[in-house]
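Close look at the chain arrangement
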Amino acid sequence: MKAARARTPRRPRKGTNPTLKDPVGVYCRVRPLGRADQECCIEVINHTTLQLHPPEGFRLCRNGEYRETQYSFKEVFGTLVAQKELFDVVAKPLVEDLIRGKNGLLFTYGVTGSGKTHTMTGSPGDGGLLPRCLAMIFNSIGPFQAKRFVFKLDEKNGVDVQSEVEALLERQRREALPIPKTPAGKRQLDPEFADMIAVQDHCRAEEVDEDNVYGVFVSYIEIYNNYIYDLLEEPPCDSIKPKPPQSKTLREDQNHNMYVMGCTEVEVKSTEEAFEVFWRGQKKRRIANTQLNRESSRSHSVFIIKLAQAPLDADGDNVLQEKEQITLSQLSLVDLAGSERTNRTKAEGNRLREAGNINQSLMTLRTCIEVLRENQLYGTNKMVPYRDSKLTHLFKNYFDGEGKVRMIVCVNPKAEDYEESLQVMRFAEVTQEVEVARPADRPLCWLTPGRRLRHQALREELSRKLELRGGPVGAGPEEQSPAELFFQSLPPLPSCELLDINDDQTLPKLIEALEQRHKMRQALAEEFAKNVLAFKTMLQEFDSSVASKENYIQGKLAEKEKTITGQRTELERLEKKIKTLEYKIEILEKTATIYEEDKRNLQQELESKSQKLQRQASDKRRLEARLQGMVAETSLKWEKECERRVAAKQLEMQNKLWVKDEKLKQLKAIVTEPRAEKPERPSREREREKPLPRSVSPSPVPSTPVAPLRARRSRSAGERWVDHRPPSHVPTETLLQPRVPRAITVEAPSERALARCDRYLLTHQELASDGEIQTKLIKGDVFKTRGGGQAVQFTDIETLKQESPTGRKRRSSPPSPDPAGDAADSEWTDVETRCSVAVEMRAGSALGPGFQHHAQPKRRKP
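Note that this is a predicted model, so its numbers are computed, not measured.

Now for the overall build of the protein. Looking only at helices and strands, one finds 17 helices and 30 strands in the protein. Summarising the internal contacts of the protein: among those between residues at least 6 apart in sequence, 71% fall at separations of at least 24. On the protein, roughly 55,400 Å² of surface is accessible, and the fraction owed to carbon and sulfur atoms is 53%.

In structure tokens, the structure reads:
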């Protein structure tokens, strides 16, 4: 009989349900501290949350900043959690899915020395996840295992199923090979791992299809320096020049699944045999001694368990030879090498190269997870870099939706691993947000269930009948079969011995007994036919009622499924919304942190500026006090000098008054002296030549306005003026003052003021040749320009001048008695000094857009 082939480590893409997705399950396990006096940086808050707080040394290095961070997981296992509890929560659902025909991936992640290998393998007397998974598998399928070599794996990630005869021939061929093997019942376990698999709790799956036969295959590989090596491969025996192990390559099968080409896959029939194969490969795994771990794994190890299952035929005796009904599921248990820092491990040479490759592969895994999360959260379609590392390339099918993915994050709470543990927590937080499509359930077999049980009952019945035929005599009535009871109910047969030839009673009696038995048999046959007919009718009625109930149930189930699908869709939408909001909250928290940092910096800067201003204010106060002292001293000095000058001036004036008094006395004496002759009348010229006494006060003669030669043009009464009086304008005490009606007085001309008026008046003051103030009123017309500005065209000038009738030169303030103090006196109010800036404009000139004037300082006369 030809072997039927099936390649089903992963069903086609249509076997997944893209609408139903499950997040990657991330769990955390905290390792106990090595010493009780060690500083701890991790605290378990509850069964789903733990908290990281920086150690004392880290706070000093980070300017004393103290920030505690909390991370949530699907479940957190503390230091006192046993291996069994961890297995029941994390690995047991994966084993149940494996028996149902679904794939699974479980890997441990963490820094070096965090307890990953202990979690996966265990220790003597306390087995880890791997031996417990093997024990649960064989406890569940033990009675239903196929004979060895009924299932045969090919080299293209497929499985062949063979008949009993072909499997027997294969076993005989293998047994003929010169390979010493110990029978399974007499296998002596290695004492190194005998305690690890001595699991007392017989855990098993609840839903096991008893109408299937199963076969278990295991393989063990390691990824070292980004190369794949087979740990179960036996190197050729060459004592002269042993060959190094050859690396394996990754291939893709017809269903787009990744597998290791040429990898050794061993069929196992018990937990002991499977773990013995694992232990044989574990001895070949590369480990080394570092500063942080005495037995540090230098490679990623992958232990693959494949479970092949095929249904029995309709008789329940042999395996069904149809490849469409054969399923191959896979469970991968991965022990990742720990990430490490070379400045802590002091790695050199090969160890340094190994650490670089380990960190690179873990970084690639993290990049793939981040890209998957970004694609799912924001709907992008970025390419996930699976091919950058053999580790991610091998397991890309799991993240594409070919089974459940579980990760156990192992952390060491000691303070020295704080920064590494922080990075591990951040990676775990990102991984929890990645969702994997849920694979579809295995299609139901079209054969009637319960075939194995019926076949076993039939075999027991046949064996019982054979035992009755050649079995022991004198069996009790409780051991009689239903056929025997039926024969006993018939009338007994009379004696059949013919001792006399003339005996005519024996045969008639025998004929009569046989006829009775025949009648009884016919009656029983008719009754049996009636019962069969009634039973068929009952079966048909039962089938119709079952069909109607099934239709009703299917309708209800369809409605429930629609409701559940809608609720799941709404739940997924809400979960995505929650994740988006959490991401926004994270961004806002980071932004708030940045703003708080800026606030602290600005507060520090403000404090420094405040201190600087306080110092400047104190310096200013000291300078003011010093200046006040200097002003008081100078004031006192000038007061004394003024008193001295006043006294000197008073003395001088007294002397002058005394001289004048003497002269007046002499003049009085001359006037009062009688004269004989008649006094002569002085002429008008002499009177004019007489000097008149000069008074101290200015002359009361009013100023006379001098009209310009140009006549003033008449204007209407509705015109408005701009009265431009510079800030340096000196008021005069003349009787005649210029008054402009309806004027806008400004100190500096502006475009706004010019736009509101028609005429422009500029008051200009300067010194005349006799030293008096001369005021000029420069008038002009305002008009708009093409550029949108205002221009002024000067038309005429009016001059106002104050003169003395005696022709003397007057000053607006008395001269200083001390010419030498002219430079020191800052309050000199000479008209020439006050009018040192004049505005020069020409009459009749047309300026550009807007109003423009030029001011230049006038030179002071020597």
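This structure, assessed with the given rule, holds 35 salt bridges. The salt bridge involving Lys-84 is made with Asp-88; its shortest N-O contact spans 2.8 Å. Of this pair, Lys-84 and Asp-88 are both found in helix α2 (residues 83–99), four residues apart, which corresponds to roughly one turn of the helix. Classification of Lys-84 by relative accessible area gives partly exposed; the value is 36%. Note on Asp-88: relative accessible area 28%, which makes it partly exposed. Note that Lys-382 and Glu-374 form a salt bridge whose closest N and O atoms lie 2.8 Å from each other. Each of Glu-96, Asp-97, Arg-100, Glu-207 and Lys-404 takes part in a single network of salt bridges with overlapping partners.

If you trace the five strands from one edge of the open sheet to the other, you get β25-β24-β26-β27-β28, paired in mixed fashion. Both edges of this open sheet fall to β25 (743–746) and β28 (790–801), since each of them pairs with a single strand only. On average, adjacent strands in this sheet sit at an angle of 25° to one another, irrespective of strand direction. In this sheet, β28 lies alongside strand β27 (residues 773–784) in antiparallel orientation, the contact comprising eleven bridges. Paired with Lys-776 across the bridge in β28 is Thr-799.

Okay, helix α4 (residues 129–141) next. Helix length check: α4, at 13 residues, gives a terminal C-alpha distance of 18 Å against a target of 18 Å (1.5 Å per residue), a fit within 8%. Among the 13 residues of α4, twelve are classified as buried, and the element is accordingly described as predominantly covered. Turning to α4, its buried residues number three or more, namely Leu-129, Leu-130, Pro-131, Arg-132, Cys-133, Leu-134, Ala-135, Met-136, Ile-137, Phe-138, Ser-140 and Ile-141.

Let us now look at the nonpolar core. Of all hydrophobic cores here, the largest spans 54 residues; its most connected members are Leu-50 and Phe-73. Setting aside residues no more than four positions away along its own chain, Phe-73 makes contact with Val-26, Tyr-27, Cys-28, Thr-48, Leu-50, Val-409, Met-425, Ala-428 and Gln-432. By size, the runner-up hydrophobic cluster in this structure holds 46 residues, among which are Met-120, Met-136, Leu-232 and Ile-305.

Further remarks concern the sheet that holds strand β5 (residues 49–52). One open sheet accounts for three strands, arranged β4-β5-β6; its pairing is antiparallel. Two strands lie at the open edges of the sheet, namely β4 (42–44) and β6 (69–72), each paired on one side alone. This sheet shows a mean twist of 25° between the axes of neighbouring strands, independent of strand direction.

Moving on to a nonpolar patch on the surface. A contiguous nonpolar surface patch, about 400 Å² in accessible area, is contributed by Leu-664, Leu-667, Ile-670 and Val-671. With respect to the helices and strands, Leu-667 occurs in helix α14 (residues 506–672). For Leu-667, a relative accessible area of 48% puts it in the partly exposed group.

Packing of helix α8 (residues 350–378) against helix α11 (residues 418–431) leaves a shortest axis separation of 9 Å and a crossing angle of 35°. Handedness of the crossing formed by α8 with α11: left-handed. Contacts between α8 and α11 involve Leu-365, Arg-366, Ile-369, Glu-370 and Arg-373 from the former and Gln-423, Arg-426, Phe-427, Val-430 and Thr-431 from the latter. Across the contact of α8 with α11, the residue classes tally to four nonpolar, two polar and four charged.

In this section: the packing of α4 against helix α6 (residues 271–282). Running from N to C, α4 and α6 point in directions that differ by 150°, and their axes come no closer than 9 Å. Taken together, α4 and α6 sit at an angle that is classed as roughly antiparallel. Viewed along their axes, α4 and α6 form a crossing whose handedness is right-handed. Where α4 approaches α6, its residues Leu-130, Pro-131, Leu-134, Ala-135 and Phe-138 are matched on the opposing element by Thr-271, Ala-274, Phe-275 and Phe-278. Counted by class, the contact of α4 with α6 contains eight nonpolar, one polar and no charged residues.

What follows concerns the side chain of Glu-433. With respect to the helices, strands and loops of the structure, Glu-433 is situated in the loop between α11 and β23 (435–439). Take Glu-433: its relative accessible area is 18%, and that puts it in the buried class. Leaving out residues up to four positions away in the same chain, Glu-433 has contacts with Arg-373, Gln-376, Leu-377 and Lys-579.

The topology assignment puts Ala-314 in the loop between β20 (300–311) and β21 (327–335). Sequence-wise, Ala-314 and Thr-448 are 134 residues apart; in three dimensions their C-alpha atoms are separated by 7.4 Å.

Interpreting fine coordinate detail is not advised for predicted regions of low pLDDT. Averaged over every residue, the pLDDT of the protein is 78; residues scoring 70 or more account for 75%. pLDDT under 50 marks residues 681–716. Its contacts with residues more than four places away, or in other chains, come to 31 contacts.

Here the focus is the side chain of Glu-222. Position of Glu-222 among the secondary structure elements: in strand β13 (residues 212–224). What makes Glu-222 buried here is its relative accessible area of 1%. Of the polar contacts made by the side chain of Glu-222, one reaches the side chain of Ser-299; its length is 2.7 Å. Discounting residues that sit within four places of it in the chain, Glu-222 has contacts with Tyr-227, Ile-228, Tyr-229, Leu-231, Lys-284, Arg-285, Arg-286, Ser-299, His-300 and Ser-301.

About the criteria used
- Each chain carries its own residue numbering, running from 1 in the written order of its sequence.
- The predicted origin of the model limits local features to residues at a pLDDT of at least 70 and limits the giving and counting of side-chain atom pairs to 80 or more, whereas totals for whole chains, interfaces and linings rest on all residues.
- As a convention, hydrogens and water are excluded, and side-chain values are obtained from all of the structure's heavy atoms.
- Secondary structure elements follow DSSP: runs of H or I of four or more residues count as helices, runs of E of two or more count as strands, with numbering from the N terminus.
- By the convention used here, residues are in contact when the closest approach between their heavy atoms is within 4.5 Å.
- Residue exposure ignores everything except the shown protein chains as possible cover, and the areas themselves are Shrake-Rupley values with a 1.4 Å probe.
- A pair is scored as a salt bridge if a Lys or Arg side-chain nitrogen falls within 4 Å of a carboxyl oxygen belonging to Asp or Glu.
- A simple rule labels every residue: compare its accessible area, found with a 1.4 Å probe on the protein chains alone, to the largest value its type can have, and call it buried under 20%, exposed over 50%, or partly exposed in between.
- Pairing between strands is defined by DSSP: at least two bridges between them are needed.
- Note on method: axes are straight lines fitted to C-alpha atoms, helices fitted across the in-contact stretch only, with angles between N-to-C directions ranging 0 to 180 degrees.
- To estimate the expected span of a helix, subtract one from its residue number and multiply by 1.5 Å.
- Definition used in this section: a nonpolar core is a set of buried Ala, Val, Leu, Ile, Met, Phe, Trp, Tyr and Cys residues joined via side-chain atoms within 4.5 Å.
- The patches described consist of residues with a relative accessible area above 30% and no salt bridge, like charges being joined within 9 Å and nonpolar side chains (Val, Leu, Ile, Met, Phe, Trp, Tyr) within 5 Å.
- Two helices cross in a left-handed way if the nearer one is turned anticlockwise from the farther one by less than a right angle. They cross in a right-handed way if the turn is clockwise.
- Ten residue types, Ala, Val, Leu, Ile, Met, Phe, Trp, Tyr, Cys and Pro, are classed as nonpolar, four, Asp, Glu, Lys and Arg, as charged, and the remainder, Gly among them, as polar.
- Angular relationships are summarised with four words: roughly parallel below 35 degrees, roughly antiparallel beyond 145, roughly perpendicular across 65 to 115, and oblique for the angles in between.
- A residue's pLDDT is the predictor's confidence in that residue, given on a scale from 0 to 100.
- Here a polar contact is recorded for every N or O atom pair within 3.5 Å, except that within protein the pair must consist of a potential hydrogen donor and a potential acceptor, and residues adjacent in sequence are included only if both atoms are side-chain atoms.

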